[in-house]
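Residue-level listing of the chains:
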Amino acid sequence: MSKTHVKMTVNGKAVEALAEPRTLLIHFLREELDLTGPHIGCDTSHCGACTVDIDGKSVKSCTVFVGQVEGADVTTIEGIAQPDGTLHAVQEAFRQHHGLQCGFCTPGMITRAWRLLQENPNPTEEEIRYGISGNLCRCTGYQNIVKAIQAAAEELSVKEAAE
Ligand code: FES
Ligand code: FES
């Protein structure tokens, strides 16, 4: 199949590549860019392990062709910590509140939670559960993920108040 030229920004860096139009964004990220944090947990768009952020929205990257994100601004789990390695409040809270076990859902879950807290900085428990309902986890039973997101929301609002 002939390749098409794609251009986008990924984690703040300009990316240009040739890719077959049928290439799914998740495969492009993992196989061409070696960003192997986003995972593949299904083939029916349910699990959300592949969740990345595209132009300010959480998107399941298994359900998008690479050509559809031409010119877009993409963030993956690899782009969420500070460049100096300091974890984002959401990442830190997942660690502190044991919001992960095998870690397979975690890149998608954190990328989603990161966007959720920008959409709704003070979510209720119900809003958190609904807000991550596109992300499945087989290990945690979700409870500690909810706690982690609540803690991150508090931490971020304290930070914002201090600024
Ligand atoms: S891999 Fe399951 S929703 Fe994308
Ligand atoms: S931590 Fe294993 S699937 Fe969520």
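An unreviewed UniProt entry annotates the protein as (2Fe-2S)-binding protein originating from Hoeflea poritis.

Looking only at helices and strands, one finds 5 helices and 5 strands in the protein. For the protein, the α and β elements follow one another from N to C terminus as β-β-α-β-β-β-α-α-α-α. Here the C-alpha atoms of the protein give a radius of gyration of 16 Å, agreeing with the 15 Å that 2.2 N^0.38 yields for 163 residues. A burial count over the protein gives 43% of its 163 residues as buried. Considering only intrachain contacts with a sequence separation of at least 6, the fraction spanning at least 24 residues in the protein is 56%. For the protein, the accessible surface area stands at approximately 8,900 Å², while carbon and sulfur atoms represent 49% of it. Taken as two groups, the 14 positive and 21 negative side-chain charges of the protein have centres that lie 5 Å from each other.

This part is about the sheet that holds strand β2 (residues 13-19). Ordered by their spatial adjacency, 5 strands build an open sheet running β2-β1-β5-β3-β4, and the pairing between neighbours is mixed. Where the open sheet ends on each side, the last strands, each with one partner, are β2 and β4 (57-60). Each neighbouring strand pair of the sheet contributes to a mean axis angle of 40°, computed without reference to strand direction. Of the pairings in the sheet, the one linking strand β1 (residues 4-10) to β2 comprises 7 bridges and is antiparallel in character. In the strand pairing of β2, Met-8 is matched with Val-15. On the sheet, helix α3 (residues 106-119) packs against β3 (51-54), β4 and β5 (73-75) and is oriented at approximately 35° with respect to β3.

Now for unusual backbone geometry. Residue Ser-45 is not a glycine yet carries a positive backbone phi of 65°. Among the structural elements, Ser-45 can be located in the loop between α1 (25-32) and β3. For Ser-45, a relative accessible area of 31% puts it in the partly exposed group. At Tyr-142, a position not held by glycine, the phi torsion is positive, near 75°. With respect to the helices, strands and loops of the structure, Tyr-142 is situated in the loop between α4 (125-131) and α5 (143-162). Overall, Tyr-142 belongs to the partly exposed group, its relative accessible area being 24%.

Close contact between helix α2 (residues 89-96) and α5 brings their axes to 8 Å; oriented N to C, the two are set at 135°. In this view, α2 runs oblique relative to α5, as classed from their interaxial angle. Crossing of α2 over α5 shows right-handed handedness. For the pair α2 and α5, the contacting residues are Ala-89, Val-90, Ala-93 and Phe-94 in the first and Ile-145, Ala-148, Ile-149, Ala-151, Ala-152, Glu-155 and Leu-156 in the second. Partitioned by chemical class, the residues of the contact of α2 with α5 number 10 nonpolar, no polar and 1 charged.

This paragraph deals with the packing of aromatic side chains. In the structure shown here, the tally under the stated rule is 0 aromatic pairs. Its end group placed over the ring of Trp-114, Arg-115 keeps NZ or CZ at 5.2 Å from the ring centre.

The topology assignment puts Glu-20 in the loop between β2 and α1. In this structure the side chain of Glu-20 is engaged in a polar contact, spanning 2.7 Å, whose partner is the side chain of Arg-22. When neighbours within four sequence positions are excluded, Glu-20 is seen to be in contact with Met-1, Ser-2, Lys-3 and Val-66.

Rules behind the numbers
Residues numbered from 1 in each chain as written. Chains lettered and ligands numbered in written order. Predicted model: local features only at pLDDT ≥ 70, side-chain atom pairs only at ≥ 80, totals over all residues. Heavy atoms only, no water. Helix = DSSP H or I, 4+ residues; strand = E, 2+ residues; numbered from the N terminus. Rg over C-alpha atoms; globule rule 2.2 N^0.38 Å. Buried < 20%, exposed > 50% of the residue type's maximum accessible area, 1.4 Å probe, protein only. Contact = heavy atoms within 4.5 Å. Areas by Shrake-Rupley, 256 points an atom, 1.4 Å probe, with all protein chains shown as cover. Lys, Arg positive; Asp, Glu negative; His and termini not counted. Charge placed at Lys NZ, Arg CZ, Asp CG, Glu CD. Pairing = 2+ DSSP bridges. Axes fitted to C-alpha atoms, helices over the stretch in contact; angles between N-to-C directions. Parallel < 35°, antiparallel > 145°, perpendicular 65-115°, else oblique. Left-handed = near helix turned anticlockwise from the far one by under 90°. Nonpolar A, V, L, I, M, F, W, Y, C, P; charged D, E, K, R; others polar. Phe/Tyr/Trp six-rings, centres within 6.5 Å; stacked < 30°, edge-to-face > 60°. Lys NZ or Arg CZ within 6 Å of the ring centre and 35° of its normal. Polar contact = N/O pair within 3.5 Å; in protein donor to acceptor, adjacent residues only side chain to side chain.

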